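Fold and contact review
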Amino acid sequence: MSLIFHWFLPTNGDSRHVVGGGHGTPATASGRDRPPTVAYLSQIARAAEDLGFVGALTPTGAWCEDAWLTTAMVSENSERLKFLVAFRPGFVAPTLAAQMASTFQRQSGGRLLLNVVTGGESHEQRAYGDFLDKDARYRRTGEFLEIVRGLWEGKTVDLHGEHLRVEDARLARLPDPIPEVYFGGSSPIAGEVAARHVDVYLTWGEPPAQVAEKIARIRKLAVQEGRTLRFGIRLHVITRDTSEQAWAEADRLLAGFDPETVRAVQAGLARSESEGQQRMLALHGGGSRDGLEIHPNLWAGIGLVRGGAGTALVGSHTEVAERIKEYAALGIEEFVFSGYPHLEEAYWFGEGVLPKLQAQGLWQHPYGQQAAPSAQVPFAGTGTPS
């Protein structure tokens, strides 16, 4: 079985520095270095497609552009890349969301994947008119997915739930194929929702021992529901021809973190209700710049200025491939990567790491192509904005 790799569309802006933000914190000023125009995001999408990434995650929240609209436009400038669209079920009526997904599938040629984000920050949810507490939001997510999945299967749905109510709901045209549902959450109630409703459970890039514990817990819950899930992991990546070059790049990014920005971001993230976010903060001690390599080639520096996924694989192409193999041995089948800038880093990974995994029989190009040969300057001639 081939491992599956996805990339990331930075709809909050891109830069040669880390663009912070997320989980209730705004994007940092570096996000204005390369605005998230459809033209630039399409460059990234086409590069990811050519290199062999299956899909591209697009975030959701007040800090970035709307994922549905942006991916619909970018899909017109790509051919095969799928779009892992993050969205919050509390903001869209379930029947409308099911219809939107069905339309996206038809118009894109079946290239929609859905990343359901329940929302871990009450203050941000309230800005959108959602005043439920965290546990209630997860219960609503469960009802939402029950409705949507029933509609996608061609059923007429009647549900009088705790939070959602629909009567005689039905889709005139069904999605083909039915979009796969991706979902993450570290709290007990998140595990229950995942076990009952989702296809792929995503975890942020914690050290392997913690990931193994989480996989075992979610897998057990799924078995109790009579279901089998796949597992994925969300990480950043800094990969170069040598380990020294990769860590020099990590040090360069770290040197660009303004101390006041770090303090402000960490203060905001410390108020997060997300258990997953608190687990991310614990990896770097809430803002410490010391001891950031928390497992061989696993660096927690990104989390100093960015909410959500805060760790990166850092090392030579061989080292990064070995860490991927380590996570794969735990049961991780899908990897969602990103890097700064996203255009150049996609080439470093695609031309450096994927050929090594392909040579070991762990990955094959989804479109039947060979991985690109390694190149010293992988992004030459892309016309990247400075």
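Residues numbered from 1 in each chain as written. Predicted model: local features only at pLDDT ≥ 70, side-chain atom pairs only at ≥ 80, totals over all residues. Heavy atoms only, no water.

1. Remarks on the overall build of the protein chain
So the rule is basically this: Going along the chain from the N terminus, every DSSP run of H or I of four or more residues is numbered as a helix, and every run of E of two or more is numbered as a strand. With the radius of gyration taken over C-alpha atoms, the globule rule is written as 2.2 Å times the number of residues to the power 0.38. For the exposure calls, accessible area comes from a 1.4 Å probe over protein chains only, and a residue counts as buried if that area is under 20% of its type's maximum, exposed if over 50%, partly exposed in between. Residue contacts are counted whenever heavy atoms from the two residues lie within 4.5 Å of one another. Using a 1.4 Å probe, accessible areas were evaluated by the Shrake-Rupley method; residue-level cover was limited to the displayed protein chains. Charged-residue counts in this description rest on Lys and Arg as positive and Asp and Glu as negative, His and the chain ends being excluded. Working definition for charges: the position is that of NZ of Lys, CZ of Arg, CG of Asp or CD of Glu.
When helices and strands are counted, the protein chain shows 13 helices and 13 strands. In terms of C-alpha radius of gyration, the protein chain reaches 20 Å, essentially the compact-globule figure of 21 Å for 386 residues. Seen along its three principal axes, the alpha-carbon backbone of the protein chain occupies a region of about 60 × 45 × 40 Å. The buried share among the 386 residues of the protein chain stands at 58%. Within the protein chain, residue pairs in contact and separated by at least 24 positions form 73% of the contacts whose partners lie at least 6 positions apart. Carbon and sulfur atoms provide 51% of the accessible area of the protein chain, an area that totals close to 15200 Å². The average position of the 37 basic charges and that of the 45 acidic charges among the side chains of the protein chain differ by 2 Å.

2. Describing the side chain of Thr28
Applied cut-off: As used in this structure description, the phrase polar contact means that two N or O atoms lie within 3.5 Å; if the pair is within protein, one of them must be able to donate a hydrogen and the other to accept it, and residues adjacent in sequence are counted only when both atoms belong to side chains.
By the element assignment, Thr28 lies in the loop between strand E1 (4–8) and helix H1 (38–51). Thr28 gets classed as buried once you look at its relative accessible area, which sits at 18%. For Thr28, the side chain forms a polar contact with the main-chain nitrogen of Gly20, separated by 2.8 Å. Aside from chain neighbours lying at most four places away, what touches Thr28 is Val18, Val19, Gly20 and Thr261.

3. Notes on the packing of aromatic side chains
Here is the rule: Each Phe, Tyr or Trp ring, with Trp reduced to its six-membered ring, pairs with another whose centre is within 6.5 Å; inter-plane angles below 30 degrees give stacked pairs, above 60 give edge-to-face pairs, and intermediate values give tilted ones.
Tallying each qualifying case throughout the model produces 13 aromatic pairs. Relative to Phe337, the ring of Phe335 lies with its centre 5.9 Å away and its plane at 15 degrees, an arrangement referred to as stacked. Looking at Phe335, the relative accessible area reads 0%, which means it is buried. Of the residues examined, Phe337 reaches a relative accessible area of 0% and is grouped as buried. Connected via pairs of aromatic rings, a cluster forms that spans Phe5, Trp7, Phe53, Phe335, Phe337 and Phe349.

4. Some details on the pattern of salt bridges
Note the threshold: The salt bridge definition used is simple: a Lys or Arg side-chain nitrogen within 4 Å of an Asp or Glu carboxyl oxygen.
Applying the stated criterion across every chain, the model contains 20 salt bridges. Close ionic contact of Glu162 with Arg139 constitutes a salt bridge, the shortest N to O distance being 3.0 Å. With Glu162 in the loop between strand E5 (157–160) and strand E6 (165–169) and Arg139 in helix H5 (residues 134–152), this pair connects stretches of sequence that are 23 residues apart. Linking Arg252 and Glu249 is a salt bridge whose minimum nitrogen-to-oxygen distance equals 2.8 Å. Taken together, the residues span about one helical turn, with Arg252 and Glu249 both in helix H8 (residues 243–255) at a distance of three residues. Taking relative accessible area as the criterion, Glu249 reaches 15% and is therefore assigned buried.

5. Some details on the pairing of E1
For clarity, the threshold we go by: Strand pairing follows a simple DSSP-based rule, namely that at least 2 bridges must link the two strands. By definition, the crossover connecting two strands over a helix is right-handed if that path, from the first strand to the second, turns clockwise as seen with the strands pointing away from the viewer.
Of all five residues that make up E1, four are buried, and the element is covered over most of its length. In the sheet, E1 pairs with strand E13 (residues 332–338) via three bridges, with the strands oriented parallel. Bridge pairing in E13 places His6 opposite Val336. Taken together, the three bridges between E1 and strand E2 (residues 55–58) define a ladder with parallel strand orientation. Note on E2: the bridge partner recorded for Phe8 is Leu57. Between E1 and its parallel partner E2, the chain crosses via H1, and the hand of that crossover is right-handed.

6. Examining the packing of H5 against helix H6 (residues 188–197)
Worth spelling out the cut-off: Lines are fitted to the C-alpha atoms to define the axes, a helix being fitted only along its stretch in contact, and any angle between axes, read from their N-to-C directions, falls within 0 to 180 degrees. Orientation is classified from the angle alone, with under 35 degrees giving roughly parallel, over 145 giving roughly antiparallel, 65 to 115 giving roughly perpendicular, and any other angle giving oblique. Gly counts as polar in this scheme, as do all residues outside two lists: the nonpolar Ala, Val, Leu, Ile, Met, Phe, Trp, Tyr, Cys and Pro, and the charged Asp, Glu, Lys and Arg.
Between H5 and H6, whose axes approach to 9 Å, the crossing angle comes to 5 degrees. One element, H5, and the other, H6, form an angle in the roughly parallel class. Taken together, the residues of H6 that come into contact with H5 (itself represented by Asp135, Tyr138, Arg139, Thr141, Gly142, Leu145, Glu146 and Arg149) are Ile189, Ala190, Val193 and His197. For the contact of H5 with H6, a count of residues per class yields five nonpolar, three polar and four charged.

7. Section: the environment of Ala136
Secondary-structure assignment places Ala136 in helix H5. Remark: the alpha-carbon pair of Ala136 and Pro341, spanning 205 residues in sequence, is separated by 37 Å.

8. A short note on helix H12 (residues 342–352)
Within H12, 11 of the 11 residues are buried, leaving the element largely enclosed by the surrounding structure. Listing the buried residues of H12 in full gives His342, Leu343, Glu344, Glu345, Ala346, Tyr347, Trp348, Phe349, Gly350, Glu351 and Gly352. Against the buried residues of H12 lie E1, H1, strand E9 (230–240), helix H11 (317–330), E13 and helix H13 (354–359).

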